[in-house]
Amino acid sequence: MSEMDQRPSVFRFLENTTIAVSLIAISTACVVLVNFYSISQGMTAVFPHLFYIPIILAAYAFPRRGIAFSGFISVIYCGMVLLFVSFSSLDLAFAVGRAAMFILIGAVVSFLTMQLRENARLFMGVAERSSDIILLTDREGQAIYVSPSFGVLLGLDRSAYNGRRPSDLVHPDDLDNMYAVFRNIAKTLEPASIAARTRKADGGYILIEYLAIPVITQGEFSGLQIVGRDMTEHQRVEEAYRETGRRMAEIISFLPDPTLVVDRNGTVVAWNHAMEVLSGIRAADVIGKGKETYKSWIVGETGPLLIEDVLYRNREEIRSRYDRIRFDGDTIRTEREVTRTDGTRFFLWVSATRLADSEGKITGAIESLRDVTHQKRIERELRESNTYLDTVINTLADPLFIKDRSYRFVRLNNSFCRFTGHSREEMLGKTDFDFFSREEAEVFRKNDDEVFGTGQINENEETITDASGTFHTIVTKKALYTNTAGEKFIVGIIRDITDRKKTEYALQQALKKLNMLSSITRHDILNQLMGLRTYLALMEGDEKDPAILGFLKNADRAADAIQRQIEFTRYYEDLGVQAPRWQEAAEIFSSAASQILLDEVDVEIRVEGISVYADPLIGKVFYNLIENSLRHGGHVTRMELCAQETGTGGLVITYQDNGTGISPEDKKNLFKRGFGKHTGLGLFLSQEILSITGITIAETGTHGSGARFEIAIPPGVWRKA
């Protein structure tokens, strides 16, 4: 402890046990001899005070034995007094009083010494174990004590630093400031702190913050007690904090959304580039200022004041100030419409939240804005577009509906609601199974799946029962719609053909009756013709006059023509009786071919998956073509049926063989009634059958290369399966 001890050297000298014992023994012996001589000479008042010297020395050097030593001295003194004075003498009483004083002085010195040493021990314990540097200097700044942490921190031998000055370790650039602080402490006797770069053993420097406390001795400045702490880590943390703050400021600056940050006093500490663009105010003009500045770009009180509300108000107050407010944890969101000072209007999404430190103390608030003016305009235009669309579809006389991928109704027009007898609110979000019979709904679902699966337009004749139980026959046309998000919908439009079906049924019944009447009439006329021709034959056999025979032959030919014309009506009996329907072309052709013997003919059919909307007698068309090839084409060994789409959405089905073909002269009259080598009705009738649904037929082959018939089908009269 000698390095830091500022006591007189005699006291530090006494802490050497050998020297202390020697001094105590010598002084005790001398004092005892002097008092023995003086008491023997009758001098009892002065020399006893000399006993204080060995008592104080013993109590200081050995404080735990100070009382015992002073008692021992008291016994010796009292014994010498009894040896030379009478028991009743007043000097004996004085001697006892002095002995008590000896013991008291020994006790006091022992107690004070133990307290002093305990304090010194405690100080040394703290100093020797402290991670902070502890220095004691004299008034000149020379070190008289250096704690072990000094050597550990700087890598130096602390004993080598005793007697050194700051200039030996402190960076030259920090010395003047340090000496100025020390001089001010010596003058004012007030503690002060200073940070200085201190050199390590390896030549590098670390930043140490020193707290210097003046040491006062007898009322005057006698040195400094200095506590130093390594600030390198603290400096690194501060630099990291500053770097984090810098990076955070850069992040905020480059955020696409306008963002501002205020401290707990409402002063702006961050104002990013997007905020500059939105407000027209530079960050340099608003940083460090309050709400009067960061609100100055807004007309009136319509601006984003949420940040100050978040900072100063509770949730209930905030909720009462805004019409549209939403709390998402600590973040509060709202929508505001503002007008900039230049008259530009914005619609903003605003979100703000408080900022807190690690202890939960509020340090400020941050607010982010998003300009959704364009989005709101699109939403408004979309609403207007939907209103326009609703107006359009509600103007349609035909029922219209839209279903999503889950078969739920998502849009209906007024005609659909009137037709079904159900309200729009009742049907939206529900399916066919909620309103129609299971049989009807399953048909609707099947046709919906076909549209979703193929993407092709589907048109079907269906039946439906409305809310009142009325049965309807309808034609439903469904198409697939896919929006920009990839969601699929079915758009369907309905045509109620119940009255038309009734009319068609009545016409069919009338046709059947007319056909029956035609059949009976034809049968009666043919019977009469048979009788007429019989009579003509009998008359021809008996008649000898050539002129009359000529008349009879002409009458027979006329009767034969009448019979052929009457027979032709047989072909028209079933034409148009049944309504046209969708028929598989490949299936109809195969059925017609199966009715004719084609053992040596190779038939190729390449119209799979194609349906044609035609009269049910279309099979007779294919039958006539095949029969004509075999009857008039010579040695036919190959027949082919194929199809090709046209650029206008139509379809051409081509039938061709490898026979002799048709001459140019015959092509001119090919489809006329009565032309041909047989009945002359086949191709004429085929043309009539096809024309019912707008289909045409033409022969386009080359004579000598086979017959080629092209059947032209307009759009909407054919489809792919």
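Since the structure is predicted, the reported quantities are computational estimates derived from the model, not experimental observations. (Residues numbered from 1 in each chain as written. Predicted model: local features only at pLDDT ≥ 70, side-chain atom pairs only at ≥ 80, totals over all residues. Heavy atoms only, no water.)

Participant: Describe the packing of helix H19 (residues 585–593) against helix H20 (residues 618–632), listing the residues and the values that go with them.
Facilitator: Direction vectors running N to C along H19 and H20 enclose 55°, while the axes themselves pass 8 Å from each other. Judged by the inter-axis angle, H19 sits oblique to H20. Judged by the sense of rotation from one axis to the other, the crossing of H19 with H20 is right-handed. Contacts from Ala585, Ile588, Phe589, Ala592 and Ala593 in H19 reach Ile618, Gly619, Phe622, Tyr623 and Ile626 in H20. (Axes fitted to C-alpha atoms, helices over the stretch in contact; angles between N-to-C directions. Helix = DSSP H or I, 4+ residues; strand = E, 2+ residues; numbered from the N terminus. Parallel < 35°, antiparallel > 145°, perpendicular 65-115°, else oblique. Left-handed = near helix turned anticlockwise from the far one by under 90°. Contact = heavy atoms within 4.5 Å.)

Participant: Describe the pattern of salt bridges, listing the residues and the values that go with them.
Facilitator: Counted by the stated rule, this structure contains 23 salt bridges. Of the charged contacts in the structure, one is a salt bridge between Arg282 and Asp285, with a shortest N-O distance of 3.1 Å. A relative accessible area of 32% places Asp285 in the partly exposed class. For Arg631, the salt bridge identified is with Glu627, shortest N-O distance 3.1 Å. With Arg631 and Glu627 both in helix H20 and four residues apart, this pair spans about one turn of that helix. One network of salt bridges, with partners in common, ties together Lys403, Asp432, Asp448 and Lys478. (Salt bridge = Lys/Arg side-chain N within 4 Å of Asp/Glu carboxyl O. Buried < 20%, exposed > 50% of the residue type's maximum accessible area, 1.4 Å probe, protein only.)

Participant: Summarise the pairing of strand S1 (residues 133–138); cite the residues concerned and give the values.
Facilitator: When you tally the buried positions in S1, you get five out of six residues, the bulk of the element. As paired strands, S1 and strand S5 (residues 220–230) are joined by six bridges and run antiparallel to one another. By the bridge assignment, Thr137 is partnered in S5 with Leu224. Bridge count between S1 and strand S2 (residues 143–146): three bridges; the pairing is antiparallel. Bridge pairing in S2 links Thr137 to Ala143. Linking two consecutive strands that pair antiparallel, namely S1 and S2, is a turn of four residues; a positive phi of about 90° is found at Gly141 within it. (Pairing = 2+ DSSP bridges.)

Participant: Could you give me a rundown of a nonpolar patch on the surface, with the residues and numbers involved?
Facilitator: Taken together, Met101, Leu104, Val108, Phe111 and Leu112 make up a surface patch of nonpolar side chains, about 470 Å² in accessible area. Along the chain, Met101 falls in helix H5 (residues 90–129). (Patch = residues over 30% accessible without salt bridge, like charges linked within 9 Å, V, L, I, M, F, W, Y side chains within 5 Å. Areas by Shrake-Rupley, 256 points an atom, 1.4 Å probe, with all protein chains shown as cover.)

Participant: Give me the lowdown on the sheet that holds strand S21 (residues 651–657), citing residues and values where you can.
Facilitator: Strand order across the open sheet formed by five strands is S18-S20-S21-S23-S22, with mixed pairing between neighbours. For this open sheet the edge positions go to strand S18 (602–606) and strand S22 (696–699), each flanked by a neighbour on one side alone. Strand-to-strand twist across the sheet, computed as the mean angle between neighbouring axes with direction ignored, equals 15°. Pairing analysis gives six bridges linking S21 to strand S23 (residues 708–713), with the strands arranged antiparallel. By the bridge assignment for S23, Leu651 is matched with Ile713.

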